[in-house]
Amino acid sequence: MIQKTYRPDIDGLRAVAVLAVLFNHAGFQLVSGGFVGVDIFFVISGYLITKILYSEVTANSFSVMSFYQRRIRRILPAFYLVSIVTLTAGAVLLLPVEFEELVSSFIASSFFFANVFFMEVTRSYFSAEAHEMPFLHMWSLSVEEQFYFVWPLLLLILTKHLPLKALLAVVASLIVISFGVAEIWLPTSPKIAYYSIVSRAGELLLGAILAIFLSSSTTTITPIRAHAASIAGLLLICGSIFFIDETTQFPGLHALWPCLGALLLIWAGVYPNSIGAKLLSIRPMVFVGLISYSLYLWHWPMLAFTRYLRYEISTSMGLIFIVLSIGLAYLSWKYVEQPFRRKNPSRGLTLIKRIFFLISFTVVSTALASHFDLISMQPFDDKGHSNAQRAVIFPSLRDGWCHIDSEDGFNKPFEQRYLNCQYGSVSHKPTALLWGDSHAASYAPFLDYLGKELDFSIIEMSTSACAPSLAPIPGYKWNFQGPICNGFREEIIRGINAEEYDAIFIAARWEGYADVLEDNIKQSIVFAAQHSKGVFVFSQVPRFEVNIGNCYIRGEALPLSNGCNETHDYEVSPEVSQVNKRLKAIVDNIPNAQIIDVSELICVDNSCNPFIDNMPAYFDDNHLNVNGSRALANLYFLSPSGKAVAKHLQNSVLLDH
């Protein structure tokens, strides 16, 4: 039978969960799987909330209004306190465009859609840019609250209409479905699997099914079983924390291990003398567990702002942040969480509550109404900001180039004027074509330099996420099918068939088309080679783990930013070098086609530097900027391979231009 008294061991389990998260986020490699602490929290929450809900439902005392009042008192006070502090810090520390995103993420968090927001704006939960977002950790709070928008009413309906065994069977089926969906999504949509309520609900339901079972059971757990379950639970949780890492496919089946560990410890803790209950009930663990919600809220913004300003989080700094987080968490737990959770506060406390919620409501309303007007508070160097922005411009239509991206409106109707954009020696009729997506666009200044040197003109037909393929690729995530993309494709095929271009340059973010490289992409290169005098395929430039353009702008515009170290060798993605090798193997076997590879100018002996002459060559983490593209052209055509390409163009390809 379920224990009805306070369970200190559950607060101890909360401590394990939050400390695992803290040490993992602070960069302690030993706890590589510390992020599973969130999954442990989900199980604990599902258990505790369902325990209360089920007892109320079976006693006919359940009230929707009462339930959500409790949730509001539990969640919102500390949330708004941390949010106000974070927004204030963001107004001082962030660049305008990033403060704008911070406000957007706050709004999403306020309405418990942070998981959906970060699903859209991050490459993955573990990516470098995600770890600079101060409200990223709110995704888990949103998942939890989305669950509790549905679960109380669903539990009420199921309990009223189903016998206990059928109820347990339905909940068990939902658990299997949730974990199964996560496992199915992981290979193709890992972001959705990580952030979605659908793939995470099973973790909360594991706690829920245990609460229902124990609330309805008259069987008492034996000491031997309690000890055995405790040891198994501790091993599962420790194994998950120390052996899972960010390369593990997660959540899915791998999330079962920490969740089952938490489940076993909660079940074993019904017997208070079990090994697990004794260990988790020691006073320091209980204390950390009591403040765990505030601790979770406070720790991440400090780490995110530090990373944003490009300061390395050393072991000692990580420990300082953890201690500071614990101090702030204790204060907000004692003076915000606890008072607001009292049902019958004093008149003075009631006044404080009203003032607090008035301030919070004002902040939310201001964010919604003015959205980003707080940017005017920011004390950044406007001249440095403007100069730095100009230094990392991407060659798009709005900046005088040809490429059409989302800001230019790549979903607008196709217009004939898009076919008149050229560069190089523009007094000549275009005899060369640049074809591809945004990576093709990043080579436009490169070709502009070459065109002026060799006296020929290039026409560009590129728009974001538009694969250089002869036909749409149905269902392929990297192939955006907008009207401009389709219009360019039709015109490109017509022009190549008519042999209007002596030289055809093709470029793309090849890692995005890795699955169709030997099929659709190869067909395009072969087709272009058959109807021109020469095809030149640009390899993909290295992709960095840091947004180089933003990093440079921060260093120039923000007094507190450590900026980018121009001599630092940044970590790059191995997927790019792998796909480039495949691309080269394809091109080398196509007559009349050759590779242009500038990677050797950025990387030497696997050491890569995105700066040329102390200036950033990149717009972001994977696109060249205008200056960088030109600088690479200058360097490339001084190299032996570049001289060979220029000679081939001049003597064999561009004879009639």
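To keep things clear, this report deals only with the structure shown in the data block.

Reading the values: rules and limits
Residues numbered from 1 in each chain as written. Predicted model: local features only at pLDDT ≥ 70, side-chain atom pairs only at ≥ 80, totals over all residues. Heavy atoms only, no water. Salt bridge = Lys/Arg side-chain N within 4 Å of Asp/Glu carboxyl O. Helix = DSSP H or I, 4+ residues; strand = E, 2+ residues; numbered from the N terminus. Buried < 20%, exposed > 50% of the residue type's maximum accessible area, 1.4 Å probe, protein only. Expected span 1.5 Å × (residues − 1). Contact = heavy atoms within 4.5 Å. Axes fitted to C-alpha atoms, helices over the stretch in contact; angles between N-to-C directions. Parallel < 35°, antiparallel > 145°, perpendicular 65-115°, else oblique. Phe/Tyr/Trp six-rings, centres within 6.5 Å; stacked < 30°, edge-to-face > 60°. Lys NZ or Arg CZ within 6 Å of the ring centre and 35° of its normal. Core = buried A, V, L, I, M, F, W, Y, C linked by side-chain atoms within 4.5 Å. Pairing = 2+ DSSP bridges. Patch = residues over 30% accessible without salt bridge, like charges linked within 9 Å, V, L, I, M, F, W, Y side chains within 5 Å. Areas by Shrake-Rupley, 256 points an atom, 1.4 Å probe, with all protein chains shown as cover. Polar contact = N/O pair within 3.5 Å; in protein donor to acceptor, adjacent residues only side chain to side chain. Bend = angle between axes of the 7 residues up to and from the residue. Left-handed = near helix turned anticlockwise from the far one by under 90°.

1. Quick look at the pattern of salt bridges
Argument step 1. A complete count under the given rule lists 23 salt bridges for this structure.
Argument step 2. Across the pair R70 and E56 runs a salt bridge whose closest N-O atoms are separated by 3.3 Å. One end of the pair, R70, is in helix 3 (residues 64-93); the other, E56, is in helix 2 (residues 37-58), and 14 residues separate them in sequence.
Argument step 3. In this structure, R398 engages D405 in a salt bridge whose closest nitrogen and oxygen atoms are separated by 2.8 Å.
Argument step 4. By relative accessible area, D405 is classed as buried at 9%.

2. Overview of helix 20 (residues 483-497)
Argument step 1. Compared with the 21 Å implied by 1.5 Å per residue over 15 residues, the 21 Å span of helix 20 between its first and last C-alpha is a close match.
Argument step 2. Those residues of helix 20 that sit buried are I484, C485, G487, F488, R489, E491, I492, G495 and I496.
Argument step 3. Close packing links the buried residues of helix 20 with strand 2 (432-436), strand 3 (457-462), strand 4 (503-507) and helix 21 (517-530).
Argument step 4. Among the residues trailing helix 20, E499 stands out with phi positive, at a value near 55°.

3. Brief notes about the packing of helix 1 (residues 8-25) against helix 14 (residues 292-308)
Argument step 1. The interhelical angle for the contact between helix 1 and helix 14, taken along N-to-C directions, is 0°, at an axis separation of 10 Å. Between helix 1 and helix 14, the angle falls in the class roughly parallel. Across the interface between the two elements, R14, V18, V21, L22 and H25 from helix 1 touch S292, L295, Y296, H299, W300, L303 and R307 from helix 14.

4. Examining the packing of aromatic side chains
In this description, an aromatic ring pair is defined by two values, namely the gap between the centres and the angle between the planes.
Argument step 1. Taken as a whole and assessed by the stated rule, the structure comprises 39 aromatic pairs.
Argument step 2. Members of the aromatic cluster, each reached through a chain of ring pairs, are F35, F42, Y125, F126, W139, Y194, Y195 and F250.
Argument step 3. Of note, K334 hangs over the ring of Y335, and the distance from its end group to the ring centre comes to 5.8 Å.

5. Regarding the nonpolar core
Argument step 1. Counting residues in hydrophobic clusters, the biggest one holds 169 residues, and the most contacted among them are W151, F446, F505 and L649.
Argument step 2. The contact partners of F446, leaving out residues within four places of it in the chain, are F538, I596, V598, S629, L632, A633, Y636 and F637.

6. Here we look at the sheet that holds strand 1 (residues 422-424)
Argument step 1. Spatially, 1-3-2-4-5-6 is the arrangement adopted by the six strands of the open sheet, whose pairing is mixed. Edge positions in the open sheet fall to strand 1 and strand 6 (593-596), since each of these has one partner strand only. In this sheet, adjacent strand axes meet at a mean angle of 25° when their direction is disregarded.

7. So, a nonpolar patch on the surface
Argument step 1. Side chains of F149, V150, L154, L174 and I177 sit close together on the surface and give an oily, nonpolar patch of about 420 Å² of accessible area.
Argument step 2. Looking at the nonpolar patch, the elements with two or more residues in it are helix 6 (138-161) and helix 7 (164-185).
Argument step 3. At three residues, the largest contribution of residues to the nonpolar patch is made by helix 6.

8. Details of the side chain of S464
Argument step 1. The topology assignment puts S464 in the loop between strand 3 and helix 20.
Argument step 2. With relative accessibility at 13%, the residue S464 sits in the buried group.
Argument step 3. One polar contact links S464 to H403, side chain to side chain, over a distance of 3.1 Å.

9. Observations concerning the environment of V36
Argument step 1. Residue placement: V36 occurs in the loop between helix 1 and helix 2.
Argument step 2. Taking the C-alpha atoms as reference, V36 lies 9.3 Å from W257; in sequence the two are 221 residues apart.

10. Section: the environment of I157
Argument step 1. Here I157 is to be found in helix 6.
Argument step 2. Once the C-alpha coordinates of I157 and V57 are considered, the two residues, 100 residues apart in sequence, prove to be 9.5 Å apart.

11. Topic: helix 6
Given 3.6 residues per turn, any residue in an α-helix points the same way as the ones three and four places further on.
Argument step 1. Its 24 residues place the ends of helix 6 35 Å apart at the C-alpha level, agreeing with the 34 Å of an ideal helix rising 1.5 Å per residue.
Argument step 2. The sharpest bend along helix 6 comes to roughly 30°, located at W151, with the proline P152 sitting one to four residues further on.

12. As for the pairing of strand 4
If a strand is regular, its side chains alternate between the two faces of the sheet.
Argument step 1. The buried fraction of strand 4 is high, at five of five residues.
Argument step 2. Of the two faces of strand 4, the one lined by A503, F505 and A507 and the one lined by I504 and I506 are each fully buried.
Argument step 3. As paired elements, strand 2 and strand 4 share five bridges and run parallel to each other. Bridge assignment links L434 to a residue of strand 4, and that residue is F505.

13. Structural notes on the packing of helix 2 against helix 3
Argument step 1. Interaxial distance between helix 2 and helix 3 falls to 12 Å at its minimum, and their mutual angle equals 160°. The orientation of helix 2 relative to helix 3 falls into the category roughly antiparallel. The two elements helix 2 and helix 3 cross, and the hand of that crossing is right-handed. From helix 2, I49, I52, L53 and E56 reach across to helix 3, where they touch F67, R70 and R71.

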